[in-house]
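# Secondary and tertiary structure notes
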Amino acid sequence: MTVIERIEELEEKLAKTPKNKGTETDLAKIKTQISLLKSQQELRKTKKSGISAYGYSLRKKGDATCVLIGNPSVGKSTLLNKLTNAHSETADYEFTTLFAIQGMLKYEGARIQVIDLPGILEGAASGTGRGKEVLSAARNANLMLIVCDIKKPQSRDIIADELSKVGIVLNKSPPEISIRKTIKNGIIVKSTVKQKLTRKTIAEILRVHKLVNAEIILFDTVDVEQINDAILGNKTYAGAISVFNKIDTVSMEEYLIAKKKILENAVDPENYVFVSAQKENLEELKSLIFSRLNLMAIYTKKTNKKPDMENPLILKQGGTILDACMKIHKDFAAKTAFAKVWGSSRYEGQKLSLKYKLHHKDIIELCF
Ligand SMILES: Nc1nc2c(ncn2[C@@H]2O[C@H](COP(=O)(O)OP(=O)(O)OP(=O)(O)O)[C@@H](O)[C@H]2O)c(=O)[nH]1
Ligand SMILES: [Mg+2]
């Protein structure tokens, strides 16, 4: 029996099994066997076809990376050229861009790498065109910019769907699950929150994965798929912004109607922007990119000097004074005793310890 036949057989069994509390463990076991086989099959396919992101994947640079992804001719390269110093060829025919091209977006002192990818079509995840390679290059980015033409807004969902088929989860954080192999005592299930699945079911899922002695701690309420994903590590979590481009090609009235309809159907309308890459300045998009990358700019100053407002330190949100020191040089952390903070501190120039969590646009003076 081939792997595909085995998957089909299990899927049939799953469909036939009644769904109630009494069959929960059996259903979970079948689902887990299916995910395990699918992931093995995927691995085999990738190895056989030699799929690599060659030509599409670029080395990460700057403080964070985002990719432009979408159907052909929606204006990805035009956007790249407008957002960054790059020059990517643009033309009114499809598949103008054949390889990844990058540029650097400078915003609020941050250097954000923007990668322009070739256009992809529906079916990309199952191999249409070079879709699989392009999607796999997108996996490395911190943020996806899904670009579509305002006249064809449905293409946003098609692209989001293709990304999801290769295991890229958009705008969600991974459930917090910790799994640790142990040397004895079998499977131990611990949970800090109420679970829908029973402990027995959760333990059985681990056993299907051939885990005999292990401790699993759940900090979120999870389903079977999420436990499987955590064990197989086959999901990538990334932020996404949906960019509806070419608004200059429709009348004001058409634009307002289209925008209203798109936003009404959106799951996360706060991540939607409407632009004209050709005509507009793209301040709103730049600002959204910066905030969705969860970056913050921290300005530094020397004693009795004005702060350097040109070259801030770029930290991830939630970063501390210690992280700021490390960003300058690792030796700085050992030397620094505390910092004076202007901005988020209770009063100007408050002396705070290295553990203090900074906020965007704080000014700090490191004291030795
Ligand atoms: N009117 C108008 N045209 C645009 C806009 N953005 C891009 N275009 C045009 O649309 C065509 C395609 O733009 P590209 O930037 O090459 O599109 P792409 O998404 O990179 O296309 P591929 O590389 O083929 O996937 C070009 O003729 C652009 O000039 C826009 O905001 N308004
Ligand atoms: Mg292009």
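Residues numbered from 1 in each chain as written. Chains lettered and ligands numbered in written order. Predicted model: local features only at pLDDT ≥ 70, side-chain atom pairs only at ≥ 80, totals over all residues. Heavy atoms only, no water.

### As for the coordination of the magnesium ion (ligand 2)
Rules: We call an atom a donor if it is N, O or S and sits within 2.8 Å of the metal, or 3.2 Å for Na, K and Ca. Water is not counted, so some sites may look partial. Helix and strand definitions here come from DSSP, where helices need a minimum of 4 consecutive H or I residues and strands a minimum of 2 consecutive E residues; each element is numbered from the N-terminal end. Using a 1.4 Å probe on the protein chains alone, a residue whose accessible area is under 20% of its type maximum counts as buried, one over 50% counts as exposed, and one in between counts as partly exposed.
The protein atoms donating to the magnesium ion (ligand 2) are S77 (OG) and T97 (OG1), with metal-donor distances spanning 1.9 to 2.1 Å. Note that S77 is positioned in helix α3 (residues 76-83) and T97 in the loop between α3 and β2 (101-107), a separation of 20 residues in sequence. Looking at T97, the relative accessible area reads 10%, which means it is buried.

### Details of the packing of helix α6 (residues 199-208) against helix α7 (residues 224-232)
Quick reminder of the rule: Fitted lines through C-alpha atoms give the axes, limited to the stretch in contact for helices. The angle between two N-to-C directions lies from 0 to 180 degrees. For a crossing to be left-handed, the near helix must be turned anticlockwise from the far one by less than a right angle; the clockwise case is right-handed. Two residues qualify as a contact provided that any one of their heavy atoms is within 4.5 Å of a heavy atom in the partner residue. Note on residue classes: Ala, Val, Leu, Ile, Met, Phe, Trp, Tyr, Cys and Pro are nonpolar, Asp, Glu, Lys and Arg are charged, and everything else, Gly too, is polar.
Packing of α6 against α7 brings their axes to within 11 Å, and their N-to-C directions diverge by 35 degrees. Both α6 and α7 take part in a crossing whose hand is right-handed. The residues of α7 that touch α6, namely those facing I202, I205 and L206, are V224, I227, N228 and I231. Classifying every residue of the contact of α6 with α7 by side-chain character gives six nonpolar, one polar and no charged.

### So, the nonpolar core
Here is the rule: Throughout, nonpolar core names a set of buried Ala, Val, Leu, Ile, Met, Phe, Trp, Tyr and Cys residues whose side chains join them through atoms within 4.5 Å. Domain start and end points were adopted from an automatic or database domain assignment.
Judged by nonpolar contacts, the single largest core of 32 residues is most densely connected at L79, I112, I241, V243, L285, I289 and L295. Those elements that place two or more of their residues in this core are β1 (64-70), α3, β2, β3 (110-116), β4 (143-149), β9 (236-245), α9 (283-292) and β11 (295-300). Lining this core are residues from two domains, each supplying at least three of them: domain 2 (64-172 + 236-292) and domain 3 (296-367). Once residues within four sequence positions are removed from consideration, L285 is found in contact with L79, L83, I241, V243 and V273. By size, the runner-up hydrophobic cluster in this structure holds 24 residues, among which are I115, I159, A160 and L170.

### What to know about the sheet that holds strand β12 (residues 308-316)
The line we're drawing: If DSSP finds at least two bridges between two strands, the strands pair.
Read across the open sheet, the five strands follow the order β12-β11-β15-β13-β14; overall the sheet is mixed. With partners counted over all chains shown, the strands left at the sheet margins are β12 and β14 (350-352), one partner each. The average undirected angle you get between the axes of adjacent strands in this sheet is 40 degrees. Summarising the sheet, strand β13 (residues 338-342) and strand β15 (residues 363-367) pair through five bridges and their orientation is antiparallel. When the sheet's bridge partners are listed, W342 is paired in β15 with I363.

### Points about the domain arrangement of the protein
The assigned domain composition of the protein is domain 1 (3-50 + 175-232), domain 2 (64-172 + 236-292) and domain 3 (296-367). Taking only C-alpha atoms, the centre of domain 1 and the centre of domain 3 are 45 Å apart.

### Here we look at the pattern of salt bridges
This is how it is decided: A pairing counts as a salt bridge when a side-chain nitrogen of Lys or Arg comes within 4 Å of a carboxyl oxygen of Asp or Glu.
For the coordinates displayed, the defined rule picks out 17 salt bridges. One salt bridge in this structure joins K361 and E108, with 3.5 Å as the shortest N-O distance. Of the two residues, K361 sits in the loop between β14 and β15 while E108 sits in the loop between β2 and β3, which places them 253 residues apart along the sequence. Overlapping salt bridges bring together K29, E204 and R207 as one network.

### Regarding the site of ligand 1
Basically, it comes down to this: Only heavy atoms are used to decide nearness, and a residue is near a molecule or strand if one of them lies within 4 Å of it. Nitrogen and oxygen atoms within 3.5 Å of one another constitute a polar contact, given that in protein one can donate a hydrogen and the other can accept it, and given that sequence-neighbouring residues count only through two side-chain atoms. Method for areas: the Shrake-Rupley scheme with a 1.4 Å probe, in which residue coverage is limited to the protein chains shown.
Taken together, 23 residues form the shell around ligand 1, and within it T78, F95, T96, T97 and D248 come nearest. The separation between an oxygen atom of ligand 1 and a polar main-chain atom of D92 is 3.5 Å. Considered on its own, ligand 1 offers 650 Å² of accessible surface; in the complex 90% of this is hidden by protein. Here the element with the most residues in the shell around ligand 1 is α3; it accounts for three residues.

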